[in-house]
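The chain contents come next:
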Amino acid sequence: MAQKLQTLGEFIIENQSSFQYSSGELSSLINSIRLAAKVVNHEVNKAGLVDIIGAAGDTNIQGEDQQKLDVYANDKFIQTLTNRNIVCGIASEEEDDFICINSQDENHQNKYIVLIDPLDGSSNIDVNVSVGTIFSIYRRITPVGTPVQLEDFLQKGSEQVAAGYVVYGTSTMLVYTTGDGVNGFTLNPAIGSFYLSHPRMEFPVDGNIYSVNEGNYFDFPQGIKNYIKYCQKEEDDRPYTSRYIGSLVSDFHRNMIKGGIYMYPQGSKNPKGKLRLLYECNPMAYLAEQANGIASDGFKRIMDIQPTELHQRVPFICGSKNMVEKAEEFMRNA
Ligand code: AHM
Ligand code: MG
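Residues numbered from 1 in each chain as written. Chains lettered and ligands numbered in written order. Predicted model: local features only at pLDDT ≥ 70, side-chain atom pairs only at ≥ 80, totals over all residues. Heavy atoms only, no water.

Chemist: How do you make sense of the coordination of the magnesium ion (ligand 2) when you look at a structure like this?
Modeler: Put simply, a metal with four donors set out as a tetrahedron has ideal angles of 109.5 degrees, and one with six donors set out as an octahedron has ideal angles of 90 or 180 degrees. Coordination of the magnesium ion (ligand 2) by the protein is provided by Glu-93 (OE), Asp-117 (OD), Asp-120 (OD) and Glu-280 (OE), with metal-donor distances spanning 2.0 to 2.7 Å. Read N to C, the donor residues that coordinate the magnesium ion (ligand 2) are spaced as E-x23-D-x2-D-x159-E. Taken as a pair, Asp-117 in strand S5 (residues 112–120) and Glu-280 in helix H7 (residues 277–290) lie far apart in primary sequence, 163 residues in all. Neither Asp-117 nor Glu-280 differs from the other in exposure class; each is buried. (Donors = N, O, S within 2.8 Å, 3.2 Å for Na, K, Ca; no water. Helix = DSSP H or I, 4+ residues; strand = E, 2+ residues; numbered from the N terminus. Buried < 20%, exposed > 50% of the residue type's maximum accessible area, 1.4 Å probe, protein only.)

Structure, rendered in structure tokens:
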């Protein structure tokens, strides 16, 4: 007999009590992200039809061209979270500084902050390749009812209470964790609802996919070069294969399902790595650990890094446990 389909809304309600601080606030927050994700999905899907792609003319804090859909996604997520009045602060990869919500209202009781990469991998949009939204949720550490401060955002990844991503791919999925495993929901576009399609997602302990921009090979640290050579060797029956989309969410998603490792190391072009600790690495690290995987900067756990600035970058190695441990071993021994 066919199983009853569970919607994301039903799942959130059903699992609310298992969350340690259960007050309904986190559930409303995830509901808002679900809503904004549907709006952005609609727009991303239209990208090939309307003249919305292309540089918007703005440059973000990292000096990169912003494309119109980045701006659109950024606005939608910020608007939805602000209008529903459920967070006290937001930081976005597309904004220079964090946004303080309700700073004039001493009675506001919101205790969560959200960090978001509204549209990651957006250089892939104009060639119809999957992109994603990444989010990360923390409890503020400064007193409720006061304006949020930078220190609320500069918390270690290990303090996250929830994290997830939306992948706008052949189907659109929302995958998230609140610290009790990782669950994936697929959008039925005809109805506009997300359904639980991938319960309890886990990285296989081992895998055979390595995902890295090999165009940067000569720029990589020796340990990563050695690890790539190890993956390429034909001996010992180790049939590795290379898959790199250049869209973190999609590469991560595939590796979590099939088993693999994603690497964006430091190099002379990106001395501290390319990916941002707060908007990309910490949420993906939380998901990875909740899904039986590992996330490391090559030497230590990503979620143990004390952030010092909002747009900080770090080297990022993430995926199946045995593969990441092997890459770390190569880094130590290089
Ligand atoms: P973005 O935040 O500017 O989109 O950059 C992040 C993206 C990741 O999704 C992807 O894994 C990586 O940058 C690809 O970088 P590269 O083209 O240097 O390989
Ligand atoms: Mg990004």
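The structure having been displayed, the exposition proceeds.
Chemist: I keep staring at the sheet that holds strand S4 (residues 99–100) and nothing clicks. Help me out?
Modeler: In sheet architecture, strand pairing relies on hydrogen bonds along the backbone and comes in two forms, parallel and antiparallel. Here we have 8 strands laid out as an open sheet, ordered S4-S3-S5-S6-S7-S8-S9-S10, and mixed in their pairing. Edge strands, defined here as strands with exactly one partner in the open sheet, are S4 and strand S10 (193–198). Pairing of strand S8 (residues 172–177) with strand S9 (residues 182–188) involves 5 bridges; the strand directions are antiparallel. In the strand pairing of S9, Met-173 is matched with Thr-186. This element, helix H1 (residues 8–15), spans S8, S9 and S10 of the sheet and lies at about 10° to S8. Relative to the sheet, helix H6 (residues 248–258) contacts S5, strand S6 (131–139), strand S7 (162–168), S8, S9 and S10, its axis offset from that of S7 by approximately 100°. (Pairing = 2+ DSSP bridges. Contact = heavy atoms within 4.5 Å. Axes fitted to C-alpha atoms, helices over the stretch in contact; angles between N-to-C directions.)

Chemist: It is not clear to me how H1 should be interpreted in this structure. Could you clarify?
Modeler: Side chains of residues three or four places apart in an α-helix project in the same direction, reflecting 3.6 residues per turn. By the burial criterion, the buried members of H1 are Leu-8, Gly-9, Phe-11 and Ile-12. Down the axis of H1, the sector holding all buried residues measures 165°, keeping them to one side. Relative to its buried face, H1 has exposed residues pointing more than 90 degrees away, namely Ile-13 and Glu-14. Those residues of H1 hidden inside the fold are in contact with helix H2 (25–45), S8, S9 and S10. (Arc of directions from axis to C-beta.)

Chemist: What is the right way to look at the pattern of salt bridges in this model?
Modeler: Pairing between side chains becomes possible if they bear opposite charge and their charged atoms approach one another. In the structure shown here, the tally under the stated rule is 10 salt bridges. Residue Glu-25 pairs with Lys-111 through a salt bridge whose shortest N-O separation is 2.6 Å. Of this pair, Glu-25 sits in helix H2 while Lys-111 sits in the loop between S4 and S5, and the two are 86 residues apart along the sequence. For the pair Glu-25 and Lys-111, one class covers both residues: buried. (Salt bridge = Lys/Arg side-chain N within 4 Å of Asp/Glu carboxyl O.)

Chemist: Would you explain the packing of helix H5 (residues 222–232) against helix H8 (residues 321–333) in this entry?
Modeler: When two helices pack together, their arrangement is given by the angle between the helix axes and the distance between those axes. Where H5 meets H8, the axes come as close as 7 Å, and the angle between the chain directions of the two elements is 130°. As summarised for this structure, H5 and H8 are arranged oblique, according to the angle between their axes. Note on packing geometry: the crossing formed by H5 with H8 is right-handed. For the pair H5 and H8, the contacting residues are Gly-223, Ile-224, Asn-226, Tyr-227 and Tyr-230 in the first and Met-323, Lys-326, Ala-327, Phe-330 and Met-331 in the second. The residue makeup of the contact of H5 with H8, split by class, is 7 nonpolar, 2 polar and 1 charged. (Parallel < 35°, antiparallel > 145°, perpendicular 65-115°, else oblique. Left-handed = near helix turned anticlockwise from the far one by under 90°. Nonpolar A, V, L, I, M, F, W, Y, C, P; charged D, E, K, R; others polar.)

Chemist: How should I be thinking about the sheet that holds strand S14 (residues 293–296) in this particular structure?
Modeler: Pairing within the open sheet is mixed, and its 5 strands lie in the order S12-S11-S13-S15-S14. The outermost strands of the open sheet, each flanked by one partner alone, are strand S12 (241–242) and S14. Relative to strand S15 (residues 316–320), H7 is tilted by about 20°, and along the sheet it contacts S14 and S15.

Chemist: Where do I start with the packing of H1 against H2 in this structure?
Modeler: As a packed pair, H1 and H2 sit with axes 10 Å apart at the nearest point and diverge in direction by 165°. Here H1 is positioned roughly antiparallel relative to H2, judged by the angle of their axes. Note on packing geometry: the crossing formed by H1 with H2 is right-handed. Counted together, Leu-8, Gly-9 and Ile-12 of H1 and Ser-27, Ile-30, Asn-31 and Arg-34 of H2 form the full contact between these two elements. Of the residues that constitute the contact of H1 with H2, the class distribution is 3 nonpolar, 3 polar and 1 charged.

Chemist: Is there a simple way to explain the packing of aromatic side chains in this structure?
Modeler: Aromatic ring pairs are described here by two measures, namely the spacing of the ring centres and the angle between the planes. The final tally for this structure, using the stated rule, is 13 aromatic pairs. Here a set of aromatic residues connected by ring pairs shows up, and it is made of Tyr-227, Tyr-230, Tyr-240 and Phe-330. (Phe/Tyr/Trp six-rings, centres within 6.5 Å; stacked < 30°, edge-to-face > 60°.)

Chemist: When you look at a nonpolar patch on the surface in this model, what are you seeing that I'm missing?
Modeler: On the surface, a cluster of nonpolar side chains totalling about 210 Å² of accessible area is made up of Val-127, Val-129 and Ile-245. Relative to the helices and strands, Ile-245 is located in the loop between S12 and H6. (Patch = residues over 30% accessible without salt bridge, like charges linked within 9 Å, V, L, I, M, F, W, Y side chains within 5 Å. Areas by Shrake-Rupley, 256 points an atom, 1.4 Å probe, with all protein chains shown as cover.)

Chemist: Is there a simple way to think about the nonpolar core in this case?
Modeler: One recurring pattern in soluble globular proteins: nonpolar side chains tend to sit buried together. The biggest cluster of nonpolar side chains holds 42 residues, and the ones touching the most others in it are Leu-115, Tyr-165, Phe-252, Met-256, Met-284, Ile-302 and Phe-316. Listing elements by their share of this core, those giving two or more residues are S5, S6, S7, S8, H6, strand S13 (260–264), H7 and S15. For this core, the leading source of residues is H7, giving 9 residues. Not counting chain neighbours up to four residues away, the residues in contact with Phe-316 comprise Leu-248, Tyr-262, Met-263, Tyr-264, Leu-275, Cys-281, Met-284, Ala-285, Ala-295, Ser-296 and Ile-302. Ile-30, Ala-36, Ala-73 and Tyr-112 belong to the second-largest nonpolar core, a separate cluster that totals 38 residues. (Core = buried A, V, L, I, M, F, W, Y, C linked by side-chain atoms within 4.5 Å.)

Chemist: Hey, could you run me through the site of ligand 1 in this one?
Modeler: Taken together, 17 residues lie around ligand 1, and Asp-120, Tyr-244, Leu-248, Tyr-262 and Tyr-264 are the ones closest in. Within the backbone of Gly-121, one N or O atom sits 2.7 Å away from an oxygen atom of ligand 1. Take Arg-276: an N or O atom from its side chain is 3.4 Å from an oxygen atom of ligand 1. Contact with the protein chains covers 82% of the free accessible surface of ligand 1, which is 470 Å². Sorting the residues of the shell around ligand 1 by element identifies S5 and S13 as the ones contributing at least two each. A breakdown of the residues in the shell around ligand 1 according to their chemical character gives 5 nonpolar, 5 polar and 7 charged. (Near = heavy atom within 4 Å. Polar contact = N/O pair within 3.5 Å; in protein donor to acceptor, adjacent residues only side chain to side chain.)

Without other data, these values stay purely geometric and don't point to any function.
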